[in-house]
Amino acid sequence: MSVLVLILAVSAACCLGFGFVLQQNVAQKAPLSDFLSPRLLLDLMRVPRWLGGIGLMVAGMVLGAIALGKGEISLVEPLLATNLLFALALSRHQTKHPLSHQGWAGLALLAGGVTSFILAGQPRGGDAVTNPLRHWLIIGVMVGTALLLTTYAKRSRLSAGPTLLALAAGLLYGVQDALTRVTSTRFSEGGIMEVLTGWQPYGVLVLGVTGLILVQSAFETAELRNSLPALTAAQPLAGILCGVGFLGDRLRTDTGALAWEAAGLAAIVAGIVLLGLHPAMPRGTAPKEPSLDLQPR
């Protein structure tokens, strides 16, 4: 594994984790009338703390994009999942809550799962699938599932809604990472004109904005522990599926390796859930105000 890819991916995870916490600190106070509306972003843009969180998230996405351009998506995605560690670190600083056995167990499972998956799978590059049907089939399943989750979330916004929205956003972000990898490859092969003549960079933009609306709506309607674990778990799983499905990523497929890869992914998800449910995570139970002195209504 390239040390540069490791540094880039972990740095991206750090920026993403810190950014998510700052965004949720503000989004939880937004009026519920903004739920799943682009107006939510317009309103939140007037709050400096939220802009700081977005700045960190953008920095994380840029670092992640560079890492994806230099390493396989099946390698980078598990490393990006460690953003929850940094989110918990900032949350602990805000809440002064001790880590406890639950926190240590979550840390061990997440770190151990990432290590197990990478060492067992030994992700490496290969020839991307040229059949467009396979591309669109995998992307269509991801986007279609995200649409179904969002539709159901609108009916249960204050119960399971935030978790479903976070799952949908995670799926979209996983696809976005895959398209970012394709865009990087096109740039290295033909320069900026090769990028601009393809649909992938525009897909990255649309998925990014849509995912952002879903995430902020999830942050707005529930505490961070109801949304961030689902987001953090769904994104790497979707990204790995795209990587193996059509980007040409290769993993070891002997019985022992597959067992350790599956165990690693299971440990990653379990660790994410434990850390996401940790009491140090912001509860987001501040009373709703009519507005944040945002846009006039």
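- Going by what an unreviewed UniProt entry lists, the protein chain is known as DMT family transporter and is assigned to Streptomyces sp. 900105755.

## Quick word on the overall build of the protein chain
Working step 1: Along the protein chain, the regular secondary structure elements total eleven helices and zero strands.
Working step 2: When the helices and strands of the protein chain are listed from N to C terminus, the series reads α-α-α-α-α-α-α-α-α-α-α.
Working step 3: The C-alpha radius of gyration computed for the protein chain amounts to 19 Å, which stays within 12% of the reference 19 Å derived for 297 residues, consistent with globular compactness.
Working step 4: Counting over 297 residues, the protein chain shows a buried share of 52%.
Working step 5: Of the roughly 13,100 Å² of accessible surface on the protein chain, a fraction of 68% belongs to carbon and sulfur atoms.

## Overview of empty space enclosed by the protein
Working step 1: For the coordinates displayed, the defined rule picks out one cavity of 30 Å³ or more.
Working step 2: Looking at the largest cavity, its volume works out to about 40 Å³.
Working step 3: Every element with two or more residues in the lining of the largest cavity is listed here: helix 10 (228-246) and helix 11 (255-276).
Working step 4: Of the residues that constitute the lining of the largest cavity, the class distribution is seven nonpolar, no polar and no charged.

## Focus on the packing of helix 7 (residues 132-155) against helix 10
Geometry of a packed helix pair, given as the angle between the helix axes and the separation of the axes.
Working step 1: Two elements in contact, helix 7 and helix 10, have axes separated by 10 Å at closest approach and are oriented at 165 degrees. Of the possible angle classes, the one that applies to helix 7 and helix 10 is roughly antiparallel. At the point where helix 7 passes helix 10, the crossing takes the right-handed sense. For the pair helix 7 and helix 10, contact is made by Arg134, His135, Ile138, Ile139 and Met142 and by Ala238, Leu241, Cys242, Val244, Gly245 and Phe246, respectively.

## Some remarks on the environment of Gly140
Working step 1: Note on placement: Gly140 falls in helix 7.
Working step 2: Assessed through its relative accessible area of 38%, Gly140 is described here as partly exposed.
Working step 3: Taking the C-alpha atoms as reference points, Gly140 and Leu40, separated by 100 residues in sequence, lie 27 Å from one another.

## Points about helix 3 (residues 48-70)
Residues lying three or four places apart along an α-helix face the same way, a consequence of the helix completing one turn every 3.6 residues.
Working step 1: When the terminal C-alpha atoms of helix 3 are compared, their 33 Å separation across 23 residues agrees well with the 33 Å that a helix rising 1.5 Å per residue should span.
Working step 2: In this structure, the buried side of helix 3 is in contact with helix 1 (3-27), helix 2 (39-44), helix 4 (73-80), helix 8 (161-196) and helix 9 (200-221).

## Re the pattern of salt bridges
Working step 1: Within this structure, the stated rule accounts for three salt bridges.
Working step 2: Measuring nitrogen to oxygen at the nearest pair gives 3.2 Å for the salt bridge that ties Arg252 to Asp254.
Working step 3: Given a relative accessible area of 29%, Arg252 falls into the partly exposed group.
Working step 4: In this structure Asp254 comes out as partly exposed when scored by relative accessible area, which is 36%.

## Focus: a nonpolar patch on the surface
Working step 1: Residues Phe187, Ile192, Met193, Leu196 and Tyr202 make up a contiguous nonpolar surface patch of about 540 Å² in total accessible area.
Working step 2: Accessibility expressed as a relative area gives 45% for Tyr202, which makes it partly exposed.

## With respect to the layout of surface pockets
Working step 1: Size it by volume and the largest pocket reaches roughly 580 Å³.
Working step 2: Met57, Met61, Tyr173, Gln176 and Gly208 are the residues nearest the centre of the largest pocket, which is lined by 31 residues in total.
Working step 3: Among the elements of the structure, helix 1, helix 3, helix 4, helix 8, helix 9 and helix 10 are those that each provide at least two residues to the lining of the largest pocket.
Working step 4: Split into classes, the residues belonging to the lining of the largest pocket amount to 21 nonpolar, eight polar and two charged.
Working step 5: Roughly 430 Å³ of internal volume is contained in the second largest pocket.
Working step 6: Along its surface, the second largest pocket is lined by 23 residues, and Ala128, His135, Val182, Thr185 and Leu247 are the ones closest to its centre.
Working step 7: A per-element tally of the lining of the second largest pocket places helix 8 first, with seven residues.
Working step 8: Taken together, the residues that form the lining of the second largest pocket break down as eleven nonpolar, six polar and six charged.

## What to know about the side chain of Ser227
Working step 1: Summarising the element assignment, Ser227 is placed in the loop between helix 9 and helix 10.
Working step 2: The residues contacting Ser227, other than those within four sequence positions of it, are Pro162, Ala166, Ala218 and Phe219.

## Concerning the state of the cysteines
Working step 1: Taken as a whole and assessed by the stated rule, the structure comprises zero disulfides.
Working step 2: With no disulfide of its own, Cys14 has Cys15 as its nearest cysteine by sulfur position, at a separation of 5.5 Å.

## Quick word on the UniProt feature "transmembrane region" (unreviewed entry) in the protein chain
Working step 1: UniProt tags residues 47-68, 75-91, 103-121, 133-152, 158-175, 196-215, 227-247 and 259-281 as "transmembrane region" (unreviewed entry).
Working step 2: Across residues 47-68, the secondary structure splits into 95% helix and 0% strand, with the terminal C-alpha atoms separated by 31 Å.
Working step 3: Annotated as 85% helix and 0% strand, the span residues 196-215 places its first and last C-alpha atoms 28 Å apart.

Rules used throughout
- Residues numbered from 1 in each chain as written.
- Predicted model: local features only at pLDDT ≥ 70, side-chain atom pairs only at ≥ 80, totals over all residues.
- Heavy atoms only, no water.
- Helix = DSSP H or I, 4+ residues; strand = E, 2+ residues; numbered from the N terminus.
- Rg over C-alpha atoms; globule rule 2.2 N^0.38 Å.
- Buried < 20%, exposed > 50% of the residue type's maximum accessible area, 1.4 Å probe, protein only.
- Areas by Shrake-Rupley, 256 points an atom, 1.4 Å probe, with all protein chains shown as cover.
- 1 Å grid on protein atoms, 1.4 Å probe; cavity = no way out; pocket = protein on both sides within 12 Å on 5 of 7 lines; lining within 4 Å.
- Points joined across faces, edges and corners; volume = space filled by probe spheres on them.
- Nonpolar A, V, L, I, M, F, W, Y, C, P; charged D, E, K, R; others polar.
- Axes fitted to C-alpha atoms, helices over the stretch in contact; angles between N-to-C directions.
- Parallel < 35°, antiparallel > 145°, perpendicular 65-115°, else oblique.
- Left-handed = near helix turned anticlockwise from the far one by under 90°.
- Contact = heavy atoms within 4.5 Å.
- Expected span 1.5 Å × (residues − 1).
- Salt bridge = Lys/Arg side-chain N within 4 Å of Asp/Glu carboxyl O.
- Patch = residues over 30% accessible without salt bridge, like charges linked within 9 Å, V, L, I, M, F, W, Y side chains within 5 Å.
- Disulfide = S-S within 2.5 Å.
- UniProt positions renumbered as here; feature names shortened; annotations may be inferred.

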